[in-house]
Structure formats: C-alpha cells, structure tokens
Amino acid sequence: MRRREFIAFMGSGVMLPLSARAQQSTKAYRIAILHPLWPVAELTESSSNRFWRELFLEIRRLGYVEGQNLVIERYSGEGHAEIYPKLARDIVASNPNLVVAFTNRVVVPLKEATSTIPIVAMTGDPIDLGLMPSIARPGGNITGVSIDAGSEIWGKRLELFREVVPKISKLAILGLRQSPEVALMQKAAEKAGVVVVGPSYLEDASEAEYQRVFAFMSQEGADALFVDTSPELITKAQLIGELAKKYRLPAIYPFRSYIEDGGGLMAYGVDFVELFHQAARSIDKILKGAKPGDIPYYRPTKFELVINQKAAKDLGLVIPESLLARADEVIE
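Everything numeric in this text was worked out from a predicted model, so none of it was measured. (Residues numbered from 1 in each chain as written. Predicted model: local features only at pLDDT ≥ 70, side-chain atom pairs only at ≥ 80, totals over all residues. Heavy atoms only, no water.)

Comments concerning the overall build of the protein
To keep things clear, this is the line we draw: What counts as a helix is a DSSP run of H or I of at least four residues, what counts as a strand is a run of E of at least two, and both are numbered from the N terminus. In this description the radius of gyration comes from C-alpha coordinates, and the expected globular size is given by 2.2 Å times residues to the power 0.38. Any residue under 20% of the maximum accessible area for its type is buried, any over 50% is exposed, and the rest in between are partly exposed; the area is computed with a 1.4 Å probe on protein chains only. By definition in these notes, contact holds between two residues if any of their heavy atoms fall within 4.5 Å. All accessible areas in this document rest on Shrake-Rupley with a 1.4 Å probe, and a residue is counted as covered only by the protein chains that are shown. Within this scheme the basic residues Lys and Arg register as positive and the acidic residues Asp and Glu register as negative, but His and the chain ends are omitted. By convention, the point assigned to a charge is CZ for Arg, NZ for Lys, CD for Glu and CG for Asp.
Secondary structure summary: the protein contains 13 helices and 14 strands in total. Relative to its length of 332 residues, the protein is compact, with a C-alpha radius of gyration of 21 Å against a globular reference of 20 Å. Structurally, the protein occupies a C-alpha span of about 60 × 40 × 35 Å along its principal axes. Scored against the burial criterion, the 332 residues of the protein give a buried share of 55%. At a minimum sequence separation of 6, the contacts of the protein that also span at least 24 residues come to 70%. Surface exposure of the protein reaches about 14500 Å², of which carbon and sulfur atoms provide 52%. Across the protein, 39 positive and 40 negative side-chain charges occur, with their mean positions spaced 3 Å apart.

Quick look at the structure:
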C-alpha cells in the first residue's frame, strides 16, 4: 500500500539565477515528503496543483536542486488512513535529514514515530494537536505552518456569502464526521440566525457517497452550502463543483483550489502560496543548521477572497460591485 517515488531533475540547475547557484551547498540533503492523499506524481514542481508547484519552486529559489544537492523521497497514503502510521515508521527508518508532512492525520503519527528527525509540518492548531507547548518556541523536533485561521473565520465567510446570497434560509454543510470544523460552521450559522439542514456527513470518499449527500441536501431544501477545510474534500474539488452546479447550490469554500479546480462560486481563506513559501523557508533554515524547536510555528497572516463571475451567472446571481472591488481576484 505504500507509495514511494524518487524523482530527480538532472541538469535543471542551468535554469537557476547565478545568485541562487552561488548559494547552493555542495552537500547533498535527503528529505522525505508525506501527504495522506495527493499521489506522489503530483508532489513535484510540475504538479497540476498550483501550491505544490509554488513549494518546489521556492525550494529551488532557495538553492536546492533535485539531482544536484537534493534528493526527495515522496510518500502518499492515497487516502488509506490505516497505513498512515506505517508510512510514518517507514520514513523514520529511512532516516532522512528532514521530513515535510501535510495535515494533522500524518503529522501526529510522525511525532509518535520520532523525537529526533526534524519535521516541517502543515497542520491545524499545533497546540490543540499536542504537537508542542508553544507556537513561539515549539521546543521539540517539529516546526512548520498552520492553516488554522481561528473559529471567527466562519462568521466572516458567512458575512461575505450573504452579500451574494442575502436570503439564505437553509444552509447545508459538507464535511467529515470527525472534522471539528463542522461544529464551528454550525455555530457561525446559528449566531447569524441561519437554519442548518442535516447533518450531511460524508461517510467515505466515493463518488456515490458525494452524490448521496448532495441529493440529501437538495431534498432537505438547502439553498446554500458551506464546505469544510478537510484535505479529503480538496482532492474532490471538481466533483463538488459539478454537484453544486447540478443542484444549483451556491457555495462558499475555504480555499481557492475549489474555484480553480472545481469552478466554485467564491472562496475566502488563507493564502496557501504564502504558507507553502513559509514551509520552504523553514526547510532551508533547518538544512542550514537551525533547530526546529527554535523556529516559531507560523500562523497565517494573509487571506484572500476569490470570486467566480461565471459560476455566479450560471446560478443566476449578481455579485455586488462593492464585493467585487474587495476581492483579491475575480474570475470572469
């Protein structure tokens, strides 16, 4: 069940600026990258996903080139949660210089598997997860970046959403049963006086399950949709977008990927380019000798609003000019 891949881009250093080449170390580093869902073929500089491309381009800009001074071992759980602990143990057994891990679901097993190999993680709140005692001084072998923007962001999303769909009467929530954010979404809706239909939890990742949940939402009379931040959902962006269009459900999403990959209506959330760049900088610091425990765990500071005018027209919605003016990007 383990997926592992070594990819080396030989000769790619010719594309580097002279300044970047000058910064390269003659030492070859070996790092492991672990994601619970994305296939290893996507964890590259040529990925179809913008954020992976940005991560590897930033690593390159910092002077690390695969096949020259860097070897990357890529691992994916491909959605099989039962193998995440084994993947963590396999990575630790290979003893890389550093591990880069994405999402709570694989970082926690890695923490259990090693207290010595440096880990750069991308997670929710690291203190809530028990990864460290302090954001400012993590203290152990883990540092990284958090996608947690605080519970207040759901209220902000609903506020923006109601500028587009002012008469929301029944809000559906698409999320996983184990996701703590479902409760936060419900609380934000209740505080705004919006009825939540459901619950509409996804029990598995099959297309049939998504079809079932959307049909249920429609039967319950939902006229708008919240989508939670679970990474399992991000990989289904295209399917979610197609079903939202089929059932004519306006939706607000937590990440711009849903707009780019799924043709969704609007998204408000953290700027993942910033976070992936910050993760690359933490990798650089550790490879240059810094201790993970001395590098503060980075919290998001930039947020972006992306609006899809085409999706709005398909749904018969008119985006207020005042909201378009505040958007970071408008897709026509």
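Notes on the nonpolar core
Put simply, the test is: Grouping buried Ala, Val, Leu, Ile, Met, Phe, Trp, Tyr and Cys residues that are joined through side-chain atoms within 4.5 Å yields what is termed a nonpolar core.
One finds Leu55, Leu174, Phe214, Met217, Leu233, Tyr253 and Tyr258 to be the most contacted residues of the largest nonpolar core, which totals 58 residues. The leading source of residues in this core is helix α11 (residues 272-287), at nine residues. Residues contacting leucine 174, with those up to four places away along its chain left out, are Ser200, Leu202, Tyr210, Val213, Phe214, Met217, Leu225, Phe226, Val227, Asp228, Leu233 and Ile240.

Details of the pattern of salt bridges
Note the cut-off: A side-chain nitrogen of Lys or Arg and a carboxyl oxygen of Asp or Glu constitute a salt bridge if their distance falls within 4 Å.
As enumerated under the stated definition, the model contains 23 salt bridges in all. Between aspartate 125 and arginine 299 there is a salt bridge whose closest N-O contact spans 3.8 Å. In this pair, aspartate 125 sits in the loop between β5 (119-123) and β6 (142-146) while arginine 299 sits in the loop between α11 and β13 (303-308), placing the two residues 174 residues apart along the sequence. By relative accessible area, which is 18% here, aspartate 125 ends up buried. For arginine 299, a relative accessible area of 36% translates into the label partly exposed.

Remarks on the pairing of β6
Here is the key point about a regular strand: its side chains alternate between the two faces of the sheet. Test applied: Strand pairing follows a simple DSSP-based rule, namely that at least 2 bridges must link the two strands.
By the criterion of burial, β6 is predominantly enclosed, with five of the five residues buried. The pairing of β5 with β6 spans five bridges and is classified as parallel. Bridged to threonine 123 within β6 is serine 146.

Regarding helix α9 (residues 237-246)
For an α-helix, the turn length of 3.6 residues means that residues three or four places apart are oriented alike. Among the residues of α9, Ala237, Leu239, Ile240, Gly241, Leu243 and Ala244 are the ones counted as buried. Count one or two residues on from α9 and you reach arginine 248, which has phi positive near 50°.

Section: the packing of helix α5 (residues 152-164) against helix α6 (residues 181-191)
What counts here: Where helices are involved, their axes are fitted lines through C-alpha atoms of the stretch in contact, as for all axes, and angles between N-to-C directions lie from 0 to 180°. The scheme is simple: roughly parallel for angles under 35 degrees, roughly antiparallel for over 145, roughly perpendicular for 65 to 115, oblique for anything else. Left-handed describes a crossing whose near helix is turned anticlockwise from the far helix by less than a right angle; the clockwise case is right-handed.
With their axes 9 Å apart at the nearest point, α5 and α6 run at an angle of 50° to one another. What the angle tells us is that α5 and α6 run oblique. The two elements α5 and α6 cross, and the hand of that crossing is right-handed. Across from Trp154, Gly155 and Leu158 in α5, the residues of α6 making contact are Glu181, Leu184, Met185, Ala188 and Ala189.

Points about the side chain of glutamine 278
In this structure, glutamine 278 sits in helix α11. Glutamine 278 has contacts with Val145 and Tyr298, leaving out every residue within four places of it along the chain.

A short note on the confidence of the model for the protein
Basically, it comes down to this: What pLDDT expresses is the predictor's confidence in each residue, scored from 0 to 100.
For the protein, mean pLDDT is 90; residues scoring 70 or higher make up 92% of the total. For the stretch residues 1-25, pLDDT sits under 50, and the model shows 53 contacts to residues farther than four places along the chain or on other chains.

A look at unusual backbone geometry
Of note in this structure, asparagine 95 is not a glycine but carries a positive phi near 55°. For asparagine 95, the position within the fold is in the loop between α3 (84-94) and β4 (98-102). Despite not being glycine, arginine 248 shows a phi value in the positive range, around 50°. With respect to the helices and strands, the residue arginine 248 is situated in the loop between α9 and β11 (251-253).

What to know about the environment of aspartate 148
As a reminder, the rule being used: Whenever two N or O atoms come within 3.5 Å, that pair is a polar contact, provided that in protein one can donate a hydrogen and the other can accept it, and provided that, for residues adjacent in sequence, both atoms are side-chain atoms.
Relative to the helices and strands, aspartate 148 is located in the loop between β6 and α5. Setting aside its immediate chain neighbours within four residues, aspartate 148 contacts Thr123, Gly124, Asp125, Arg299 and Pro300. Polar side-chain contacts of aspartate 148 include one of 3.4 Å to the side chain of arginine 299.

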